[in-house]
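Architecture at a glance
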Amino acid sequence: MAKKTYDLLFKLLLIGDSGVGKTCVLFRFSDDAFNTTFISTIGIDFKIKTVELQGKKIKLQIWDTAGQERFHTITTSYYRGAMGIMLVYDISNAKSFENISKWLRNIDEHANEDVERMLLGNKCDMEDKRIVPKAKGEQIAREHAIRFFETSAKANINIEKAFLTLAEDILKKTPVKEPNSENVDISTGGGVTGWKTKCCS
Ligand SMILES: Nc1nc2c(ncn2[C@@H]2O[C@H](COP(=O)(O)OP(=O)(O)OP(=O)(O)O)[C@@H](O)[C@H]2O)c(=O)[nH]1
Ligand SMILES: *[C@@H]1O[C@H](CO)[C@@H](O)[C@H](O)[C@H]1NC(C)=O
Ligand SMILES: [Mg+2]
C-alpha cells in the first residue's frame, strides 16, 4: 500500500465581499505570486498546499469562494465542510468592512459550530487609501473572539502567518492519535487499518 504523503487534511474556506482580494491572498500563499488584474471568481475554486506543523504534514485544501451575491447559494453550500474560515475585508473599502457582520451571520447559519474563524483586513499596503482603521478590525475581532491580521497579498504581509496560525489553531483542537502509525489513514476515519489493535488493546 502506498504511504500517504500527509498526516492530516484541513479544509479551509475564504469568504468576503467581491474584490477584497480573497483570490490574491490564496494565490500569494499557494504560488507566492500576485496579479493586479481583477478576474472575479466564478462560483468556487480551490488550491492545495501542504505545510508542516509540530512535525506533522498537514495538507491544506483551501476553497476560494466568489464574493458576488449571485453565487451565494453555491458558496454557502461549502461552509459546512470547512474546519477554518478566513473572512476578508479590504481596508480601503468601508462597505466591505460593514458587511463583515453579514458574513459572520452567514458563518453562524451555515458552518459547523466549532469552525475556527479568522478576520483579515487585506490591502494594508495601501496606507494612503485606508478607510478602515486597524483598531476597528481589532475591535470587531475581539467582540467575536476571533483572531485578526492585516494582510497584503501584493506586498506579501502576514499571508503565510495567517494561514499557518489558522492551521495551528485547528491542529490544537484535533484529537491526538497514536504516534508511529504512518500506514494508518488518520485523515478520513475511513479505510482505517490497524488502528484498533494499536490503540485499544
Ligand atoms: N494593493 C493591493 N491590491 C490587492 C491586494 N489583494 C488584491 N488586490 C487587488 O484587488 C483586486 C481584487 O482581487 P481578487 O483577489 O480577485 O478579489 P476577490 O476577493 O477574489 O473577488 P471575488 O472573486 O469577486 O470575490 C485585484 O485587482 C487585485 O489585484 C493587496 O493586498 N493589495
Ligand atoms: C455588501 O453586502 C450587500 C448585501 O449582500 C451587497 O449588495 C454589497 O454588494 C456588498 N458590498 C460589497 C462592497 O460587495
Ligand atoms: Mg476571487
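Below you will find a few notes about this structure. Please read all numbers here as calculations on a predicted model, not as lab measurements.

**So, the coordination of the magnesium ion (ligand 3)**
Looking at the magnesium ion (ligand 3), the protein donor atoms are Thr-23 (OG1) and Thr-41 (OG1), and they sit 2.0 Å from it. Placement of Thr-23 in helix 1 (residues 22-31) and of Thr-41 in the loop between helix 1 and strand 2 (44-53) is noted, with a sequence separation of 18 residues between them.

**Digging into the pairing of strand 2**
Note that strand 2 and strand 3 (residues 56-65) share ten bridges and pair antiparallel. Counted as the bridge partner of Thr-50 is Lys-59 from strand 3. Connecting strand 2 to the next strand, strand 3, in antiparallel fashion are two residues, including Gln-54 with a positive phi near 50 degrees.

**Side note on the pairing of strand 1 (residues 8-15)**
Of all eight residues that make up strand 1, seven are buried, and the element is covered over most of its length. Sheet topology note: the strand 1/strand 3 ladder contains seven bridges and is parallel. If you follow Leu-12 over to strand 3, its bridge partner there is Ile-62. In the sheet, strand 1 pairs with strand 4 (residues 84-90) via four bridges, with the strands oriented parallel. Each bridged residue has a counterpart across the sheet, and for Leu-13 the counterpart in strand 4 is Ile-85.

**Description of the site of ligand 1**
The environment of ligand 1 is formed by 24 residues, the closest being Ser-18, Lys-22, Ser-40, Gly-67 and Asp-125. At a separation of 2.8 Å, an oxygen atom of ligand 1 approaches a polar backbone atom of Ala-153. Tallying contributions element by element places helix 1 first for the shell around ligand 1, with three residues. Looking at the shell around ligand 1 residue by residue, the class counts come to seven nonpolar, twelve polar and five charged.

**Points about the sheet that holds strand 4**
Strand order in the open sheet made by the six strands is 2-3-1-4-5-6, with mixed pairing throughout. In this open sheet, the two edge strands, each paired with only one partner strand, are strand 2 and strand 6 (147-150). The average undirected angle you get between the axes of adjacent strands in this sheet is 25 degrees. Sheet topology places strand 4 next to strand 5 (residues 116-122); seven bridges connect them, and they run parallel. The residue bridging Val-88 from the neighbouring strand is Leu-120, located in strand 5. Sheet strands in contact with helix 6 (residues 159-173) are strand 1, strand 2, strand 3, strand 4, strand 5 and strand 6, and its direction is about 170 degrees off that of strand 5.

Rules and cut-offs
- Residues numbered from 1 in each chain as written.
- Chains lettered and ligands numbered in written order.
- Predicted model: local features only at pLDDT ≥ 70, side-chain atom pairs only at ≥ 80, totals over all residues.
- Heavy atoms only, no water.
- Donors = N, O, S within 2.8 Å, 3.2 Å for Na, K, Ca; no water.
- Helix = DSSP H or I, 4+ residues; strand = E, 2+ residues; numbered from the N terminus.
- Pairing = 2+ DSSP bridges.
- Buried < 20%, exposed > 50% of the residue type's maximum accessible area, 1.4 Å probe, protein only.
- Near = heavy atom within 4 Å.
- Polar contact = N/O pair within 3.5 Å; in protein donor to acceptor, adjacent residues only side chain to side chain.
- Nonpolar A, V, L, I, M, F, W, Y, C, P; charged D, E, K, R; others polar.
- Axes fitted to C-alpha atoms, helices over the stretch in contact; angles between N-to-C directions.
- Contact = heavy atoms within 4.5 Å.

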